[in-house]
Each structure stands twice: as C-alpha cells, then as structure tokens.
Amino acid sequence: MAPESHKTDPLERALLPMTASVGAGGRLVVGGSDVLELVEQFGTPLFVYDEEHLREACREAVEAWGDGVAYATKAFLCRAMASVAFEEGMCLDVSTGGELYTALAAGVPPQRLVMHGNNKSEAELSEAVSIGVGRIVVDSFDEIDRVERLVGRAGALPAPVRVLIRVTPGVEAHTHEFVRTGQEDTKFGFSVASGAASEAVERLVGVDGVELRGIHAHIGSQVFEVRSFERAAEILAEFFVPFALEELCVGGGLGVPYVNGETAPSQREWAEAVRSACKRVGLSESVRVSAEPGRSIVARAAITLYRVGTIKDLPGIRTYVSVDGGMSDNPRPVLYGSGYEAFLAREVEASRPRSVRVVGKHCETGDTLISEAYVPDDLVVGDILATPVTGAYGYSMASNYNKVPRPPIVFVRDGEARLVVRGETYEDLLRLDVVDDDGVRR
Ligand code: LLP
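Residues numbered from 1 in each chain as written. Predicted model: local features only at pLDDT ≥ 70, side-chain atom pairs only at ≥ 80, totals over all residues. Heavy atoms only, no water.

Along the chain, Ser 290 falls in strand 13 (residues 288–290). Note on Ser 290: relative accessible area 6%, which makes it buried. Here Gly 68 takes part through its backbone oxygen, which lies 3.5 Å from a polar atom of the side chain of Ser 290. If near-sequence neighbours (up to four positions away) are discounted, Ser 290 is found in contact with Trp 65, Gly 68, Val 69, Leu 248, Cys 249, Val 250 and Gly 251. (Helix = DSSP H or I, 4+ residues; strand = E, 2+ residues; numbered from the N terminus. Buried < 20%, exposed > 50% of the residue type's maximum accessible area, 1.4 Å probe, protein only. Polar contact = N/O pair within 3.5 Å; in protein donor to acceptor, adjacent residues only side chain to side chain. Contact = heavy atoms within 4.5 Å.)

Here it is in structure tokens:
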C-alpha cells in the first residue's frame, strides 16, 4: 500500500513508460511523440504503447531468465505485440485457440509457443499437436487422455510432443483472491500435496510420442513479495528433484507499481530469488529454470488518454469527473478494486491537490476508473486526462459494453506513431449480427 502523502504529489516518473519525457510547456512526450498531438490524430480514448519500453522489458526478461522465457500474451496481444516479443527473443505463452491463432498470424514459429489452458478443447489440442508447438502445459487427467488419443491417432509425428505438467504448490500468494492460483483449492493443475502431480508424471513418462520435459506452476498475479516466489520455488524444486526432468517453469506473476509510492522487484531480482531457492533444495544447475511474465512486460509501457466530458460537483459529497471511456477499456478497477493514478497530459509534473472520482461513460454506477483520484486544480472539461500503467489486462479484457467501440492502439518509437490496432467503428459493432436471406438485418 502506498503511504497517503504520495497521493497529491506529482505523478512519479517510475509509473510512466521508459522513454517518457516532459516536452514544451510541461506536456507529456512518449517515444518522441507529443501525446496531445497523438490525440489530435487518433482521438480519444487512446492506448499509447512505448515500443522501446516493450522491447527493453522483453530483453530484460531474456537476460534474467535465459532462453525459453515466455511472454504471457493474455496480458496484451495483437500481432504487433506478438512480433515484438518474438523479435526480442521471448517465447509466447498462449492459453486459448484465439491467442494461438493471433501469435501464428504474427508469424511466430510454433516451436516458440507454449500452449496453456485448464480446459483445452479437442480442437485446440489437436491444432497444437499437429503444428508442433514448443510446449503443451498439461493441466488435468482428462487432458492426458486426450493427448494420448491424439498422439496415437496422429501416427508418426515429425517430433515428439513436448509437455510440461502444471502443478499447484499449495502456496497462498499475497494478492487478490481472483488472481491467486497456487493454493490447493483451484481449478488449475495437479496438486503436489495430494499426490496427483506425481501420478501425472508417472502417466506421462511412458507415453509414446510424448516427451515429458518438466513441470510448471503459476502461483498468482501482481505478486510483490519475492518470498512468495521463493516458497513456491522451494516446494516445486523439492517435488521436481527425484524425477530428474529438464525444465522447471515458475509461471508469471511479478507485480508492478500502479500508484505513487509502490515498488516492485525487477525481473533480475525475481529470477535470482527463484534460482537461489531452487539451489537451496538441490536442483541441478543443468535444469532450465524459466518463467512467463505478462504484466511486468507490458503494464508500464502504456498509458490511456481520455477526454474529460463533464465535471459534476456534488457539494459536501464529491466531484465526479467523467471521461469518454471507462469499464469497457479498463475493467480492472471494477473487477479487482485496482488503483490507478490520473494526471493531465498537458502538465505532467503538476501537483494534484484536488480529490475527485474519475468515472466512465457507461450506464452503471459501478463504472469507476479511479475511486479517489488526485488531479491538478485547473482541470477543466475538454482536458486530456491520462491514466498510466494500463498496458496489461486493459485492452485484453476490454468489451463493447453499452456498444462502446474499443479504442485504437498506437505504438510510438523514435518520433514515429504506428497505428497497430484501429479503433472500432459503429459498423464493427454490427459485424457479427446475422443478415437474413432477404438481406434484412434483424
Ligand atoms: N502464466 C500463467 C499460467 C498465467 O495464468 C498467467 C496469468 C501468467 C503466466 C502471467 O501472469 P502475470 O505475469 O501477468 O502476472 N486479469 C488479471 C490478471 C490475471 C492473470 C491470469 N494469469 C488482472 O488484471 O490483474
């Protein structure tokens, strides 16, 4: 939790994308582009990603973990993002047929993909097996049956299907209940404590056409405490050692600061903590210890720009500042009570003494972006209000609630702005409506 005193301070630079700077008159510049000019060109709401930040974050992950570290695409995926992660040396974790399809459409070779999912369909598994994805992370006994059937049916595959077994180490990560996954009471993986994980290993070891490479676990997301990762790594490594397998993947989960005053470990600190925990319990140095960061690669790389449409002062109650997006482009505050900061794109370094509630344009009271935001005194209707650290689980969880079109995404780098996902149009909102034979839309 951030101490109270930080709230009204100017926005901390550590919450902005890496290349962010303050330009003429105090305006925000990212990747060499003045964000107010981007708004003129692309409108609002607008997601702006700092491409150099994305690339640097991928490089840091590869440096910290080595080859095999995978970007968890659920955090943010479009073709441009898949290409960036691949080009910078990461594998890609895909957890559905749709994520798989998008990564392939970006030209990522199947061998660089890790296929996840607690309930992979027959079609998803069959696709993964036939194109030869790098790893399939097996999550249930039903899935083991399916893999056996598919491999048997496929006959001679060019290479064995390489699998990891997802296990639950029984560690309670200190994070929101909905994103906690390492505990015993979970839909994911095989429990180490109950013996299910050992049974899964025994079953997969002898299957023809399947190469069991190792095990995988993911204890939760937005985890700030290295101790939680260490504890999980110790349990995993203890379980792992007797089987003499080759790979241990500790999943994702590294937390990121969202508001002033928060700090989080780096990729390197996370990797070092995990590695030394593994060493303490006797894991051989030759085992590939790896991870799957999502949020920590993309969250800070982006900001969202909104236009303020109305400011409503309710005397003695509070002030509502309404922007032209909301829970459809960022459902995290509603889903998890997540905190964000707000600042004016025209005066990044201004102090923010005024307490307001930033809300969206959706037709429900719950549509809050920032329940208690601090903004400069001179905020007026028409201003461009920015929320930083919106690069993860924002667009990827966006919806069309109230038929609000999803915003465009631009990547900025070296003064160039590249539209990578266009904004939806009203026509897009109808594209799935079925037109009857008589040509009438119903
Ligand atoms: N690997 C696995 C198997 C996962 O389930 C996840 C996230 C990751 C890696 C990446 O975790 P990260 O490094 O991004 O924490 N929608 C929530 C987060 C859900 C995370 C689900 N799994 C949020 O907005 O906070």
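The rest of the description comes next.
Every α-helix winds through 3.6 residues per turn, so residues three or four apart in the chain are directed the same way. Restricting attention to buried positions, one finds in helix 5 (residues 122–131) the residues Glu 124, Leu 125, Ala 128 and Val 129. Buried residues of helix 5 fall within an arc of 130° about the axis and therefore sit on the same side. Residues of helix 5 that are exposed and point more than 90 degrees away from the buried face comprise Ala 123 and Ser 130. Phi turns positive one or two residues past the end of helix 5, at Gly 132, with a value near 80°. (Arc of directions from axis to C-beta.)

Here we take up the domain arrangement of the chain. Each assigned domain of the chain is listed with its residue range as follows: domain 1 (4–49 + 300–429) and domain 2 (51–299). One C-alpha centre belongs to domain 1, the other to domain 2; they are set 32 Å apart. Together domain 1 and domain 2 conceal approximately 2700 Å² of surface at their shared face, both sides included; 61% is due to carbon and sulfur atoms. Three residues, Met 18, Tyr 393 and Arg 413, lead the burial of domain 1 against domain 2; their summed loss comes to 23% of the area buried on that side. (Domains from an automatic or database assignment. Buried area = accessible area lost by both parts, 1.4 Å probe.)

Now for unusual backbone geometry. Of note, the amide linkage connecting Thr 44 to Pro 45 takes the cis form, showing an omega dihedral of -10°. Residues other than glycine seldom take positive phi values, yet Val 389 does so here, at roughly 60°. If you trace the backbone, Val 389 turns up in the loop between strand 19 (384–388) and strand 20 (409–413). Residue Val 389 is classed as buried on the basis of its relative accessible area of 0%. The phi angle at Tyr 393 is positive, at roughly 55°, despite the residue not being glycine. Looking at the secondary structure, you find Tyr 393 in the loop between strand 19 and strand 20.

Around the ligand, the structure places 19 residues, and the nearest of them are Ser 221, Glu 292, Arg 295, Arg 332 and Tyr 393. At a separation of 3.4 Å, an oxygen atom of the ligand approaches a polar side-chain atom of Lys 74. Within the backbone of Arg 295, one N or O atom sits 2.8 Å away from an oxygen atom of the ligand. Starting from 590 Å² of accessible surface for the ligand in isolation, the protein chains cover 90%. (Near = heavy atom within 4 Å. Areas by Shrake-Rupley, 256 points an atom, 1.4 Å probe, with all protein chains shown as cover.)

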